[in-house]
Amino acid sequence: THKIEKAGSEHFKLKGTKVENTLKGIATYEDDDFRIRVVQQGELLENLDAAGKTVKWGQYLRAPEVYFEILEKVGAYGHTPLLVPLKEVAEVGFGIKTGINEFFHLTNEKIEHWDIEDEFLLPLLTSPKEIDTLYIDPNNIEFKVFVCSKTKKELRHAKQLGALKYIEWGEKQRTKERGGHKKGGTPFPEVPSVQGRPFWYDLGKTASCDFVVNRFIGERFFFSINKAGALIGDVAFVADLKNRKDIDIFSAILNSTIVSLFVELNGRAGLGEGLLTFYGPDIVDLPVI
């Protein structure tokens, strides 16, 4: 350890090098070829204690110097920080898991064939390719999702026969899985992922989210704003503001340059071809203003 410390201190004295002391004594040496960052063990321990769980060192390994200047100026480690984890201002979760996509995901052709009433249809985003604009474009969404909480008796009484006939058709269908049943597959109403519902075809809560968060980040990243009222499949994460009156200002904050920097540093590198994975724990702890 002594040799390493001595070598490090000697290297910092080389001509043309630069040492900058920033937040809590973090020292940085950087040139065109590489970066050395020295962090006190006490600093790492405080991060660990504050989080109450394991923490990443990515910010120390990958962050540019300006990142630590930002943390210092906004009081990120003070008693009244201007940055808070996203989980303090928004609820973050998975998109909808239908349990039986072949039943719940509807194309226009299928809707027309069964004459399913509009009341039971909502736009459903099912692919990351549909998250390619800042605002979710309903014209770019291929599927609708079947949403019905009425009993078959209620549907019959209301003469909503399109939805009724589609449910009755679904009750006769089986999954494409093999095994566990003599005829192959499992009847839709007996699929484990739908059995806990009031009715197997009832998705339950289907409120649209405020923002869509893509799992995989390439050259561009943004929190897509869901003013289209689309439901989101399990291809992405969703975020709902706790205080809806702040939606316009957070649309700007979440899509700001500073938050993009935080995403870059909180995401998980290693997929190859420059892709970054942005997953649940990374999203909820994302610093926002």
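Everything numeric here is computed off the predicted structure, so don't read it as measured data.

Rules and cut-offs
- Residues numbered from 1 in each chain as written.
- Predicted model: local features only at pLDDT ≥ 70, side-chain atom pairs only at ≥ 80, totals over all residues.
- Heavy atoms only, no water.
- Patch = residues over 30% accessible without salt bridge, like charges linked within 9 Å, V, L, I, M, F, W, Y side chains within 5 Å.
- Areas by Shrake-Rupley, 256 points an atom, 1.4 Å probe, with all protein chains shown as cover.
- Salt bridge = Lys/Arg side-chain N within 4 Å of Asp/Glu carboxyl O.
- Helix = DSSP H or I, 4+ residues; strand = E, 2+ residues; numbered from the N terminus.
- Buried < 20%, exposed > 50% of the residue type's maximum accessible area, 1.4 Å probe, protein only.
- Contact = heavy atoms within 4.5 Å.
- Core = buried A, V, L, I, M, F, W, Y, C linked by side-chain atoms within 4.5 Å.
- Pairing = 2+ DSSP bridges.
- Phe/Tyr/Trp six-rings, centres within 6.5 Å; stacked < 30°, edge-to-face > 60°.

Colleague: Describe a nonpolar patch on the surface, and please don't skip the residues or the numbers.
Modeller: A grouping of F34, I36 and V38 is seen on the molecular surface, where their side chains present a nonpolar patch of about 220 Å² in accessible area. Tracing the chain through its elements places I36 in strand β3 (residues 35–38). We classify I36 as partly exposed; its relative accessible area is 31%.

Colleague: Can you explain the environment of L106? Please cite residues and give values.
Modeller: Assignment of secondary structure puts L106 in strand β6 (residues 105–106). Under the relative-accessibility criterion, L106 is labelled buried at 0%. Expressed as a C-alpha distance, the spacing of L106 and L124, which sit 18 residues apart in the sequence, is 9.0 Å. Excluding residues that lie within four positions of it along the chain, L106 makes contacts with I111, I116, L121, E142, F143, K144, F146 and Y166.

Colleague: Got a sec to walk through the pattern of salt bridges? Specific residues and values, please.
Modeller: When the charged atoms of two side chains with opposite charge come close together, those side chains can pair. By the definition in use, this model includes 6 salt bridges. E168 is paired through a salt bridge with R156; the nearest N and O atoms lie 3.3 Å apart. Of this pair, E168 sits in helix α8 (residues 161–171) while R156 sits in helix α7 (residues 152–157), and the two are 12 residues apart along the sequence. By relative accessible area, which is 45% here, R156 ends up partly exposed. As a salt-bridge pair, R244 and D210 come within 3.0 Å of each other at their nearest N and O atoms. With R244 in the loop between β13 (236–241) and α10 (247–254) and D210 in the loop between α9 (192–195) and β9 (211–214), the pair connects residues that are 34 residues apart, well separated along the chain. Under the relative-accessibility criterion, D210 is labelled buried at 4%.

Colleague: An account of the side chain of R37 is requested, with residue identities and associated values reported.
Modeller: Relative to the assigned elements, R37 resides in strand β3. Discounting residues that sit within four places of it in the chain, R37 has contacts with I26, A27, T28, Q59, Y60, A63, P64, E65 and F68.

Colleague: Run through the nonpolar core, naming residues and quoting values.
Modeller: Membership of the largest hydrophobic core comes to 35 residues, with the highest contact counts inside it found for Y67, L86, F211, F223, V263, F278 and L286. Those elements that place two or more of their residues in this core are α4 (65–73), β9, β13, α10 and α11 (257–266). Each residue touching L286, except ones within four places of it in the same chain, is listed here: V84, P85, L86, F223, V259, F262, V263, N266 and F278.

Colleague: Any details on the sheet that holds strand β10 (residues 216–217)? Residues and values, ideally.
Modeller: Read from one edge to the other, the open sheet built from 3 strands follows the order β10-β15-β14, with strand pairing classed as antiparallel. At either margin of the open sheet sits one strand with a lone partner, and together these are β10 and β14 (268–269). Two elements, β10 and strand β15 (residues 276–277), share 2 bridges in a ladder whose sense is antiparallel. The partner of I217 across the bridge, within β15, is L276.

Colleague: Describe the packing of aromatic side chains, and please don't skip the residues or the numbers.
Modeller: Across all of its chains, the model carries 19 aromatic pairs by this definition. Between F146 and Y166, the ring centres sit 5.4 Å apart and the planes meet at 65°, which makes this aromatic pair edge-to-face. One end of the pair, F146, is in strand β8 (residues 143–146); the other, Y166, is in helix α8, with 20 residues separating them in the sequence. Y166 carries the same exposure label as F146, and that label is buried. Among the aromatic residues, ring-to-ring pairing joins F103, F104, W114, F120, F146, Y166, W169, F188, F199, W200 and Y201 into one connected group.

Colleague: So what's going on with the environment of F250? Residues and values would help.
Modeller: Within the fold, F250 resides in helix α10. F250 gets classed as buried once you look at its relative accessible area, which sits at 9%. Spatially, the C-alpha atoms of F250 and F211 are 9.8 Å apart, while their sequence positions differ by 39 residues. With sequence-adjacent residues up to four places away left out, F250 is seen in contact with V89, F211, L241, V288 and I289.

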